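Tertiary structure, described
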Amino acid sequence: MFDLFHGLDLWVGLSLALALTFVLAFEFINGFHDTANAVATVIYTKAMPPHLAVVLSGIFNFLGVLLGGVGVAYAIVHLLPVELLINVDTGRGLAMVFAMLAAAIAWNLGTWYFGIPASSSHTLIGSILGVGLANALITDLPLADGVNWGKAIDIGLSLVVSPVAGFLVAGGLLLMLKRWLPLSKMHKTPEQRRAIDNKKHPPFWNRLVLVLSAMGVSFVHGSNDGQKGIGLIMLVLIGIVPANFVLDTNSTTYQIERTRDAANHLNVFYQRNEAMLGEYLALKRVDATTELPRNFRCDPELTMPTIAALQSELHGVSNYADLSAEKRIAVRRYLLCLDDTAKKVARIEGLPSRERADLQRLRADLTATTEYAPFWVIVAVALALGAGTMVGWRRVVLTVGEKIGKQGMTYAQGMSAQVTAMGAIGIANVFSLPVSTTHVLSSGVAGTMIANKSGLQGSTVRNILMAWVLTLPASMLLAAGLFWVGVQIAG
């Protein structure tokens, strides 16, 4: 890990250390901000002592990060347009990273202080969108090119659909439990359990489900939210010390050969579909031997020269470490541009589904050595998120347990909300989509309150909805402003 500072100018090294500290601080804050939601029901229902619940939740968050992969990480990274990802210099890279992190940390701390279950996911995504749009304005790009809108729409839909699904599924699950087991003790609140049964803890099976589902939510939260921190660190490393991290220098010869073969097969794919794609890719107008400018923009019409340039750079290469820093940066540029064009081609109407599936496989092979994270990055994020989980949980637990509904939460409500949240976030992980643990769980609790005819506390729901509505635009504006200031300072 520490060799990444070797040979750096003092100010660049200090900036890198500070940026990494900011990312880990964001994940630490995310830990105590969001994990309160994972343990809120299990603490409120007295299924586990608070400190044991929080420690175990921290452990499962840690494991979730370690085992979660990097799919969500790069879903977040690719919100930024490919032009910004391939043309970032050190000064602009620093401005981009600090703007995103400062905006996200400021909003997270503010909402946590007031006990509002706001979403770290919304905050981070809003910050990234703000930087992308600000960069478009600064560089005179059309706003349509300032953000990867296709990816933004996919993520936006997941963030909107997941809490609605949480509300409906958790409410439906509670209604099923009330219908099938109407006389069960699971429909008591902790206060009723103490007053009527003179017992402090839930019935055994209810307690077991509450504990297991809480740890499940912690695990999938670590997998989903931890990857966001991994994505941020990779943005930091690529933006500040690109020569060492633009490609996975630990890639095997086989992986490099797969990348080279993917470019060859992509060439064949486009030739095979020339009737449909010939005009879009300028297959007859632009020769493959056309020399690419040093800092060319990704353009579908330059696809064939880009493939040729990539094949030339990788010819005979068995180890990325053998390439000069400049050539590694060039290879990454070619790969990202080819992937960006392939992604656009896949959306063209009329492309047969079989061909579209082939294109998706080629894209996976093209990006196999650019979408990665060193093990030390994963461990650092896991530790930060796990440690953050163990502090600061009280404010949000009180909100989720007592301030959403007009009555206290029953054991059945806690189980329904937690099982729903675990399932929803787990499914999102499978499809590499970021979702908000906060909003899925709090909407699940709200759904069970409606299903239980308990009613909702208007002031709390209003605060949660206000945070849900304001988080995205507020973080966008804050990050955009900070990025503009940073670019001016960087000159």
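These numbers come from a predicted model, not from an experiment. (Residues numbered from 1 in each chain as written. Predicted model: local features only at pLDDT ≥ 70, side-chain atom pairs only at ≥ 80, totals over all residues. Heavy atoms only, no water.)

1. Quick notes on the overall build of the chain
Put simply, the rule is: In this description a helix means any DSSP run of H or I spanning at least four residues, a strand means any run of E spanning at least two, and both kinds are numbered starting from the N terminus. Classification of residues uses two cut-offs on accessible area relative to the type maximum, computed with a 1.4 Å probe and protein chains only: under 20% is buried, over 50% is exposed, and between them is partly exposed. The protein chains shown are the only cover counted for residues, whose accessible areas, like all others here, come from Shrake-Rupley with a 1.4 Å probe. For this count, His and the chain ends are skipped, Lys and Arg are scored as positive, and Asp and Glu as negative. Charge positions come from single atoms, namely NZ of Lys, CZ of Arg, CG of Asp or CD of Glu.
Counting its regular elements, the chain contains 20 helices and zero strands. In terms of overall dimensions, the chain has a C-alpha envelope of 85 × 55 × 40 Å along the principal axes. Taking all 491 residues of the chain together, 55% fall into the buried category. As displayed, the chain offers around 20,600 Å² of accessible surface, 64% of which is attributable to carbon and sulfur atoms. Treating the 37 positive side-chain charges of the chain as one cloud and the 32 negative ones as another, the clouds have centres 17 Å apart.

2. A closer look at the packing of helix α13 (residues 303-314) against helix α14 (residues 325-346)
This is how it is decided: Inter-axis angles, ranging from 0 to 180 degrees, are taken between N-to-C directions of lines fitted to C-alpha atoms, where helices are fitted over the stretch in contact. Whether a crossing is left-handed or right-handed is set by the direction in which the near helix is turned from the far one by less than a right angle, anticlockwise for left-handed and clockwise for right-handed. Residues count as neighbours in contact if any of their non-hydrogen atoms are within 4.5 Å of one another.
Direction vectors running N to C along α13 and α14 enclose 145°, while the axes themselves pass 10 Å from each other. In the crossing of α13 with α14, the sense of the turn from one axis to the other is left-handed. Note on element contacts: α14 touches α13 through K327, V331, Y334, L335, L338 and T341, opposite T303, T306, I307, A309, L310, E313 and L314.

3. Examining the state of the cysteines
Counted only if it meets this: Our working definition of a disulfide is a cysteine sulfur pair at a distance within 2.5 Å.
With the rule as written, the count across this model stands at one disulfide. A sulfur-sulfur distance of 1.9 Å marks the disulfide that ties C298 to C337. Judged by the sign of its S-S torsion, about -70°, the cystine formed by C298 and C337 is left-handed. Residue C298 is located in the loop between α12 (274-277) and α13, and its partner C337 is located in helix α14; the two are separated by 39 residues in the primary sequence.

4. Let's talk about the environment of A102
Its location among the elements puts A102 in helix α5 (residues 90-113). Judged by relative accessible area, A102 falls into the partly exposed class, the value being 26%. Spatially, the C-alpha atoms of A102 and S127 are 8.9 Å apart, while their sequence positions differ by 25 residues. When neighbours within four sequence positions are excluded, A102 is seen to be in contact with F22 and L482.

5. Brief notes about unusual backbone geometry
Backbone geometry places A282, a non-glycine residue, at a positive phi of 50°. Phi at S432 takes a positive value of approximately 55°, unusual for a residue other than glycine. For S432, a relative accessible area of 25% gives the class partly exposed.

6. A word on the layout of surface pockets
Put simply, the rule reads: Points on a 1 Å grid over protein atoms alone make up a cavity when a 1.4 Å probe fits among them but cannot get out, and a pocket when they form an open set with protein on both sides within 12 Å along at least five of seven lines; lining residues each have an atom within 4 Å of a point. Grid points are joined across faces, edges and corners, and a volume is the space filled by probe spheres set on the points. Segmentation of the chain into domains, including their bounds, is taken from an automatic or database domain assignment.
Considered as a void within the structure, the largest pocket measures approximately 600 Å³ in volume. Along the walls of the largest pocket sit 22 residues, with K151, D154, K343, Q360 and R363 positioned nearest its centre. Counting residues per element, the ones that place at least two in the lining of the largest pocket are α3 (71-77), α7 (149-180), α14 and α15 (353-366). The leading source of residues in the lining of the largest pocket is α15, at four residues. Composition of the lining of the largest pocket by domain shows at least three residues from each of domain 1 (10-244 + 375-490) and domain 2 (253-368). Its boundaries defined by the atoms lining it, the second largest pocket holds a volume of some 440 Å³.

7. Quick notes on the domain arrangement of the chain
What counts is decided by this rule: What counts as buried area is the accessible surface, traced by a 1.4 Å probe, that two parts surrender upon association, with contributions from both included. In the sections that follow, a salt bridge refers to a side-chain nitrogen of Lys or Arg positioned within 4 Å of a carboxyl oxygen of Asp or Glu. Each polar contact in these results corresponds to two N or O atoms within 3.5 Å; when the atoms are within protein, one needs to be able to donate a hydrogen and the other to accept it, and residues that are neighboring in sequence are counted only if both atoms are side-chain atoms.
When cut into domains, the chain gives domain 1 (10-244 + 375-490) and domain 2 (253-368). Across the contact, 13 residues belong to domain 1 and 13 residues belong to domain 2. Buried area between domain 1 and domain 2, summed over both chains or domains, comes out near 1,100 Å², and the portion from carbon and sulfur atoms is 53%. One can count zero salt bridges joining domain 1 with domain 2. Here domain 1 and domain 2 share zero residue pairs in polar contact (both at pLDDT 80 or more) between them. At the level of secondary structure, the elements contributing two or more residues to the side of domain 1 that touches domain 2 comprise α4 (82-86) and α10 (242-245). The biggest single contributor to the side of domain 1 that touches domain 2 is α4, with four residues.

8. Quick word on the packing of helix α6 (residues 120-138) against α7
Worth spelling out the cut-off: Oblique is the label for any angle not under 35 degrees, not over 145, and not in the 65 to 115 range, which are roughly parallel, roughly antiparallel and roughly perpendicular in turn. Classification used: nonpolar for Ala, Val, Leu, Ile, Met, Phe, Trp, Tyr, Cys and Pro, charged for Asp, Glu, Lys and Arg, polar for all others including Gly.
Relative orientation of the contacting elements α6 and α7 amounts to 160°, with a least axis distance of 12 Å. Here α6 lies roughly antiparallel to α7, going by the angle between them. Remark: the crossing between α6 and α7 carries left-handed chirality. Counted together, S121, H122, I125, L129 and L133 of α6 and W149, A152, I155 and L159 of α7 form the full contact between these two elements. For the contact of α6 with α7, the residue count by class is seven nonpolar, two polar and no charged.

9. Some thoughts on the nonpolar core
Keep this limit in mind: Here, the term nonpolar core denotes a set of buried Ala, Val, Leu, Ile, Met, Phe, Trp, Tyr and Cys residues that are joined through side-chain atoms within 4.5 Å.
Membership of the largest hydrophobic core comes to 101 residues, with the highest contact counts inside it found for M96, I230, L237 and Y270. For this core, the leading source of residues is α5, giving 11 residues. When residues of this core are assigned to domains, at least three fall in each of domain 1 (10-244 + 375-490) and domain 2 (253-368). Here Y270 is in contact with L277, L281, L283, T303, M304, I307, T341, A342, V345 and L359, once residues within four sequence places are set aside. V39, V42, A47 and A412 belong to the second-largest nonpolar core, a separate cluster that totals 18 residues.

10. Looking at a nonpolar patch on the surface
Formally: Only residues whose relative accessible area exceeds 30% and that form no salt bridge are eligible for patches; like-charged ones are grouped when within 9 Å, while nonpolar side chains (Val, Leu, Ile, Met, Phe, Trp, Tyr) are grouped when within 5 Å.
Taken together, the side chains of W149, I153, L157, V160, V161, V164, F167, L168, V169 and I450 present a nonpolar region at the surface, about 890 Å² in accessible area. The leading source of residues in the nonpolar patch is α7, at nine residues. Along the polypeptide, I450 turns up in helix α19 (residues 437-451).

11. Brief notes about the side chain of D340
Along the chain, D340 falls in helix α14. Excluding its chain neighbours within four sequence positions, the residues that come into contact with D340 are V82 and C298.

12. Describing the pattern of salt bridges
A side chain with one charge can pair with a side chain of the opposite charge if their charged atoms come near. The full count for this structure, using the stated rule, is 11 salt bridges. One salt bridge in this structure joins D225 and K228, with 2.7 Å as the shortest N-O distance. Taken together, the residues span about one helical turn, with D225 and K228 both in helix α9 (residues 204-240) at a distance of three residues. With respect to class, D225 is no different from K228; both count as buried. K344 is paired through a salt bridge with D340; the nearest N and O atoms lie 3.2 Å apart.

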